[in-house]
Amino acid sequence: ATSSDDLAFTINSFVYDYYVRDISAKIRSSLITKKENGAFTSSFTRFGYVKDRENKNKLVVDPYASEIVKDIFRWKIDGLSPQNIAKRLNELGIPSPAEYKKLLGCNYSTNFQTATKAIWSHGSVRRILTDEIYIGVTVQGKRCTPNFKTRTEIKRDKSEWYRVENTHEAIISIRDFEMVQALLKEDT
């Protein structure tokens, strides 16, 4: 290899790196704009919702799963702990959020799953009970990658999250949601 080949390789590498950085910045900027406007940008929806067929950035209520979400909130208001709610859901044979996504044909995996078949747990119930998505609020950007060269995600401060109200139909009333938050505080 000659020094002119090395120079050409260096220039090509520099141009490619600049091109990738530029494309990455444009994509990131576009996603930020969507999140600021309340568009749903995640790959997978939360339990209780599906993506609108006409607009993949909009959520619509899933008739089956939303009824389970309502049951979870009602049972918490009736005094059941997240652990007992999970036990009841498992006894009733209700598929967990991860299993339900698989039944719908989604290629979904999660770090929370510890067994081959995902079952309801205290954690999965608690995540539903504390998620503002069920009152029509889209919260995104809790994690980010620092730049295009790394896939490592870092947690962002709550003040940096994108939180937009009234982005989709609520499954739970604000009154019931706030009541459940107060009950969860009492549990701890």
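Above this text is the structure in question.
First, a word on what this report is: a plain description of the structure on this page.

Quick notes on the rules
- Residues numbered from 1 in each chain as written.
- Predicted model: local features only at pLDDT ≥ 70, side-chain atom pairs only at ≥ 80, totals over all residues.
- Heavy atoms only, no water.
- Helix = DSSP H or I, 4+ residues; strand = E, 2+ residues; numbered from the N terminus.
- Contact = heavy atoms within 4.5 Å.
- Patch = residues over 30% accessible without salt bridge, like charges linked within 9 Å, V, L, I, M, F, W, Y side chains within 5 Å.
- Areas by Shrake-Rupley, 256 points an atom, 1.4 Å probe, with all protein chains shown as cover.
- Salt bridge = Lys/Arg side-chain N within 4 Å of Asp/Glu carboxyl O.
- Buried < 20%, exposed > 50% of the residue type's maximum accessible area, 1.4 Å probe, protein only.
- Phe/Tyr/Trp six-rings, centres within 6.5 Å; stacked < 30°, edge-to-face > 60°.
- Lys NZ or Arg CZ within 6 Å of the ring centre and 35° of its normal.
- Axes fitted to C-alpha atoms, helices over the stretch in contact; angles between N-to-C directions.
- Parallel < 35°, antiparallel > 145°, perpendicular 65-115°, else oblique.
- Nonpolar A, V, L, I, M, F, W, Y, C, P; charged D, E, K, R; others polar.
- Left-handed = near helix turned anticlockwise from the far one by under 90°.

**Looking at the environment of Asp131**
Relative to the elements of secondary structure, Asp131 occurs in the loop between α5 (122-129) and β3 (138-140). The contact partners of Asp131, leaving out residues within four places of it in the chain, are Arg46 and Phe177.

**Describing a nonpolar patch on the surface**
A contiguous nonpolar surface patch, about 420 Å² in accessible area, is contributed by Leu7, Ile11, Phe14 and Val15. Residue placement: Val15 occurs in helix α1 (residues 3-36). Look at Val15 and you get partly exposed, because its relative accessible area is 48%.

**Things to note about unusual backbone geometry**
Backbone geometry at Asn166 places phi at a positive 55°, although glycine is not the residue there. For Asn166, the location among the structural elements is in the loop between β6 (162-164) and α6 (174-187). A relative accessible area of 68% places Asn166 in the exposed class.

**Considering the packing of aromatic side chains**
Counted under the stated rule, the structure contains 6 aromatic pairs. Ring centres of Tyr49 and Tyr134 lie 6.1 Å apart, and the angle between their planes is 20°; this geometry places the pair in the stacked category. With Tyr49 in strand β1 (residues 49-51) and Tyr134 in the loop between α5 and β3, the pair connects residues that are 85 residues apart, well separated along the chain. Like Tyr49, the residue Tyr134 is buried in the burial classification. Measuring from ring centre to ring centre gives 6.3 Å for Phe73 and Tyr134, while their planes differ by 65°; the resulting arrangement is edge-to-face. Of this pair, Phe73 sits in helix α2 (residues 63-77) while Tyr134 sits in the loop between α5 and β3; the two residues are 61 residues apart in sequence, bridging distant segments of the chain. Following the ring pairs from residue to residue traces out a cluster consisting of Phe47, Tyr64, Tyr100 and Trp120. Above the plane of the ring of Trp75 lies Arg88, whose end atom (NZ or CZ) is 4.8 Å from the centre.

**Topic: the pattern of salt bridges**
With the rule as written, the count across this model stands at 7 salt bridges. Where Arg74 meets Asp71, a salt bridge forms, and the shortest distance between an N and an O atom there is 2.8 Å. Residue Arg74 and its partner Asp71 are both found in helix α2; the two are separated by 3 residues, about one turn of the helix. Exposure remark for Asp71: the relative accessible area of 22% places this residue in the partly exposed category.

**Considering the packing of helix α3 (residues 82-91) against α5**
Packed helices, taken two at a time, are described by the angle between their axes plus the distance between the axes. The N-to-C vectors of α3 and α5 enclose an angle of 110°; their axes lie 8 Å apart at closest approach. Comparing their axes, α5 and α3 come out roughly perpendicular. Every residue of α5 that contacts α3 at Pro82, Gln83, Ile85, Ala86 and Leu89 is listed here: His122, Val125, Arg126 and Leu129. The residue inventory of the contact of α3 with α5, partitioned by class, reads 6 nonpolar, 2 polar and 1 charged.

**Observations regarding the environment of Ile171**
Looking at where Ile171 falls in the secondary structure, it is placed in the loop between β6 and α6. With relative accessibility at 10%, the residue Ile171 sits in the buried group. Spatially, the C-alpha atom of Ile171 lies 8.6 Å from that of Ile133, the residues being 38 residues apart in sequence. Residues in contact with Ile171, not counting those within four places in the same chain, are Gly48, Tyr49, Val61, Ser66, Val69, Lys70 and Tyr134.

**Structural notes on the packing of α2 against α6**
Between α2 and α6, whose axes approach to 9 Å, the crossing angle comes to 55°. With respect to α6, the axis of α2 lies oblique. The chirality of how α2 crosses α6 is left-handed. Mapping the contact onto sequence places Phe73, Lys76 and Ile77 in α2 and Asp176, Phe177, Met179, Val180, Leu183, Leu184 and Asp187 in α6. Split by residue class, the contact of α2 with α6 holds 7 nonpolar, no polar and 3 charged.

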